[in-house]
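# Fold and geometry: a report
Each chain, letter by letter, is given below.
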Amino acid sequence: MRYISTRGQAPDLTFSEAMLTGLARDGGLYVPAEVPQMPAGEIAALAGLSYEEAAFRVMRPFVGDSFADAEFAEIIARAYQGFGHDARAPLCQLGPNHFLLELFHGPTLAFKDFAMQLIGQLFEAELTRRGERVTIVGATSGDTGSAAIEAFRGLAAVDVFILFPDGRVSEVQRRQMTTPTEANVHALALAGDFDDCQARLKDMFNDFEFRDAVRLAGVNSINWARVLAQVVYYFTAAVSLGAPHRAVSFTVPTGNFGDIFAGHIARRMGLPIEKLVIATNQNDILHRCLTGGAYRTEGVTPSISPSMDIQVSSNFERALFDVYDRDGRAVAQLMDELKAKGGFDVSQGALGRLRELFASGRASEEETRAIIARAARRMGRTLCPHSAVGVKVAEEQGIGATPMVTLATAHPAKFPDAVEAATGHRPALPDRMADLFDLPERVTKVPNTLTSLEALIRERTQT
Ligand SMILES: *Cc1c(COP(=O)(O)O)cnc(C)c1O
């Protein structure tokens, strides 16, 4: 199995090379050269399997020779053992033919654990085999950083540094990053906002001398291995609702397009997905693009669903690659235009194909709060604000004979202020993490300058 860049100018890589590389050298994102097909019989055979067994069967063809079967199965088992629900991704019913896929039973209560826990184990196994160590640096607005720290804490082959905007993440998110005690975990509170964190991260990756010296690696949402991990739950959910004999639709609260792109891959593998719906909050660049054909940045307006507050959606490039018939040159041109002019127009042909693949909708702050309140009152469910955006957009699509599955991307207790404001009740953390507020915090405040950050990371990674 080979991986190619969406911009067509980087070398082809194996699965583990693409995983360790992250961003391709031509600035593109890695995608499989061909998407493996899963025949209906094999999809049907997933029924009744454990999540881990299903994960093995769905992901195996993408991994190629990078991991042997037994090793890969063990990696999957380790990745999901810390989840607080035996089903890993249980499905519950919200209303007539409307289902909620609960993706928040992992150690940091957001769906990112599905990918991060797996990638942590994959990195550890591959680096140990190579006798190498890497330094993972990530920038986070909250969820990615806590999921990364939780996934890499205590691993021997990795140091993990997470930059978060000082004072701008929720208390639960901050404590999830600052309470792990392992020596390889470094939570850095940067004097600036999330864009500053991302900009400094980019600067570090562009400083090749530094990048090579500390063996910098990234695990942000463009990493192919993360997308792959998310393909699995589309299969388990659809099969439990009758696939492959019956088609299923999905609505996905979307920011960087990683989660919904995984749904697109599941469909390309052969899973009968009828509608794949992009749900955005008021930062609706994707919805505007699908509606009007122009992909144009407008700045970020902070919302109560902060993990979807994005200016550009990094994984959208992978979808563009497909709808431009995998023409790397065309994609590179669009991305150059985005950088130079803050936007581009999608060609008529490509826009038509995008609209065949995806539907879209947006939820305002008002609408999101109203859904949280109604779900608590009428559906017996407490939704996090991201999941509420999904439920609003799913309902707007009209739920007919095809089951609709809305992805619940975080536990409500991760966003207690927004949930309390909408329902009057403060959601409690699951029992297994009730001590989060009693544990001592360990955090380093850092100025918003590249030199001080690099000095700190060099110092801490010297062995
Ligand atoms: C990251 C995140 C999203 C958006 O997922 P993408 O893969 O970036 O589209 C939605 N909800 C929550 C809770 C998240 O943490």
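Residues numbered from 1 in each chain as written. Predicted model: local features only at pLDDT ≥ 70, side-chain atom pairs only at ≥ 80, totals over all residues. Heavy atoms only, no water.

## A look at the overall build of the protein
What counts here: Working definition: helices are DSSP H or I runs of at least four residues, strands are E runs of at least two. Numbering for both runs from the N terminus. Based on C-alpha atoms, the radius of gyration is set beside the globule rule, defined as 2.2 Å times the residue count to the power 0.38. Residue exposure (1.4 Å probe, protein chains only): buried if accessible area is under 20% of the type maximum, exposed if over 50%, otherwise partly exposed. Two residues qualify as a contact provided that any one of their heavy atoms is within 4.5 Å of a heavy atom in the partner residue. Reported accessibility uses the Shrake-Rupley method at a 1.4 Å probe radius. Residues are deemed covered only where the shown protein chains occlude them. None of His or the chain ends enter the tally, which takes Lys and Arg as positive and Asp and Glu as negative. Throughout, a charge is located at the NZ atom of Lys, the CZ atom of Arg, the CG atom of Asp or the CD atom of Glu.
Counting its regular elements, the protein contains 19 helices and 15 strands. Computed over its C-alpha atoms, the radius of gyration of the protein comes to 21 Å, within 12% of the 23 Å expected for a compact globule of 463 residues. With the principal axes as the frame, the protein shows a C-alpha extent of 60 × 50 × 50 Å. A total of 463 residues make up the protein; the buried ones form 60% of that total. Across the protein, the fraction of contacts at a sequence separation of at least 24, relative to all contacts at a separation of at least 6, is 74%. Counting every atom, the protein has about 17,600 Å² of accessible surface; 49% of that belongs to carbon and sulfur. Considering the protein, the positive charge centre built from 47 side chains and the negative charge centre built from 56 side chains are found 2 Å apart.

## Observations regarding the nonpolar core
Put simply, the test is: Think of a nonpolar core as a cluster: buried Ala, Val, Leu, Ile, Met, Phe, Trp, Tyr and Cys residues, connected wherever their side-chain atoms sit within 4.5 Å.
In terms of nonpolar packing, the biggest core is built from 117 residues, with Phe 15, Phe 123, Phe 152, Tyr 233, Tyr 234, Phe 235 and Phe 250 touching the most fellow members. Top contributing element to this core by residue count: helix α10 (residues 224-240), with 13 residues. Those residues in contact with Phe 250 that lie beyond four places of it in its chain are Tyr 234, Ala 237, Ala 238, Ile 273, Lys 275, Leu 276, Val 277, Met 404, Val 405 and Leu 407.

## A closer look at the site of the ligand
Basically, it comes down to this: For each residue, the test is whether any non-hydrogen atom lies within 4 Å of the molecule or strand; if one does, the residue is near. Definition of a polar contact: a pair of N or O atoms within 3.5 Å, with one able to donate and the other able to accept a hydrogen when the atoms are protein atoms, and with sequence-neighbouring residues admitted only if both atoms are side-chain atoms. We call Asp, Glu, Lys and Arg charged. Ala, Val, Leu, Ile, Met, Phe, Trp, Tyr, Cys and Pro are nonpolar, and the rest, Gly among them, are polar.
Around the ligand sit 15 residues, and of these Lys 112, Asp 143, Gly 255, Asn 256 and Thr 409 come closest. In the environment of the ligand, an oxygen atom lies 2.5 Å from a nitrogen or oxygen atom belonging to the side chain of Lys 112. Taking Thr 409, its side chain carries an N or O atom lying 2.8 Å from a nitrogen atom of the ligand. Looking at the shell around the ligand residue by residue, the classes come out as five nonpolar, seven polar and three charged.

## Brief notes about the sheet that holds strand β5 (residues 134-139)
Hydrogen bonding along the main chain pairs the strands of a sheet, whether they run parallel or antiparallel. For the record, the criterion: A pair of strands is treated as paired once DSSP finds two or more bridges between them.
Strands sit in the order β8-β5-β6-β7-β15 across an open sheet of five strands; the sheet is parallel. Every interior strand has two partners, whereas the edge strands, β8 (216-217) and β15 (444-446), have only one.

## Re the side chain of His 98
With respect to the element layout, His 98 can be found in strand β4 (residues 98-102). When neighbours within four sequence positions are excluded, His 98 is seen to be in contact with Cys 92, Gln 93, Val 391, Ala 394, Glu 395, Ile 399, Met 404 and Thr 406.

## Brief notes about the packing of aromatic side chains
Which entries qualify depends on this criterion: Paired rings are identified among Phe, Tyr and Trp, the last through its six-membered ring, by centres lying within 6.5 Å, and are further divided according to the angle between planes into stacked (under 30 degrees), edge-to-face (over 60) and tilted (the rest).
Within this structure, the stated rule accounts for 19 aromatic pairs. Aromatic pair Phe 56 and Phe 72: ring centres 5.9 Å apart, planes at 45 degrees, arrangement tilted. Taken together, the positions of Phe 56 in helix α3 (residues 51-63) and Phe 72 in helix α4 (residues 69-80) put the pair 16 residues apart, joining distant regions of the chain. The class of Phe 72 is buried, set by a relative accessible area of 1%. Ring geometry for Tyr 80 versus Phe 83: centroids 5.3 Å apart, planes at 80 degrees, classification edge-to-face. Each member of the pair, Tyr 80 as well as Phe 83, is classed as buried.

## Details of helix α19 (residues 450-461)
The condition is simple: Working rule for helices: expected span equals 1.5 Å times residues minus one. Comment: arc refers to directions from the helix axis out to C-beta atoms.
Its twelve residues give α19 an end-to-end C-alpha distance of 16 Å, which sits within 8% of 16 Å, the value for a rise of 1.5 Å per residue. Of the positions making up α19, those classed as buried are Leu 453, Glu 454, Leu 456, Ile 457 and Thr 461. Each buried residue of α19 lies within a common arc of 160 degrees when the element is viewed along its axis, so the set occupies one face. Exposed residues lying more than 90 degrees from the buried face of α19 are Thr 451 and Glu 459. Against the buried residues of α19 lie β5, β6 (158-165), β7 (185-190), α8 (194-206), α9 (208-213) and β15.

## Re the pattern of salt bridges
Worth spelling out the cut-off: Just to be clear on terms, a salt bridge is a Lys or Arg side-chain nitrogen sitting within 4 Å of an Asp or Glu carboxyl oxygen.
Applying the stated criterion to the full structure yields 32 salt bridges. The residue Asp 143 makes a salt bridge to Lys 414 at a minimum N-O spacing of 2.9 Å. Remark: Lys 414 occurs in the loop between β14 (404-408) and α18 (416-423) and Asp 143 occurs in helix α6 (residues 143-152); sequence separation between them is 271 residues. We note that Asp 143, like Lys 414, is buried. A salt bridge links Arg 426 to Asp 417, with the shortest nitrogen-to-oxygen separation between them at 3.0 Å. The exposure class assigned to Arg 426 is partly exposed, which follows from its relative accessible area of 48%.

By themselves, these figures tell us nothing about what the structure is for.
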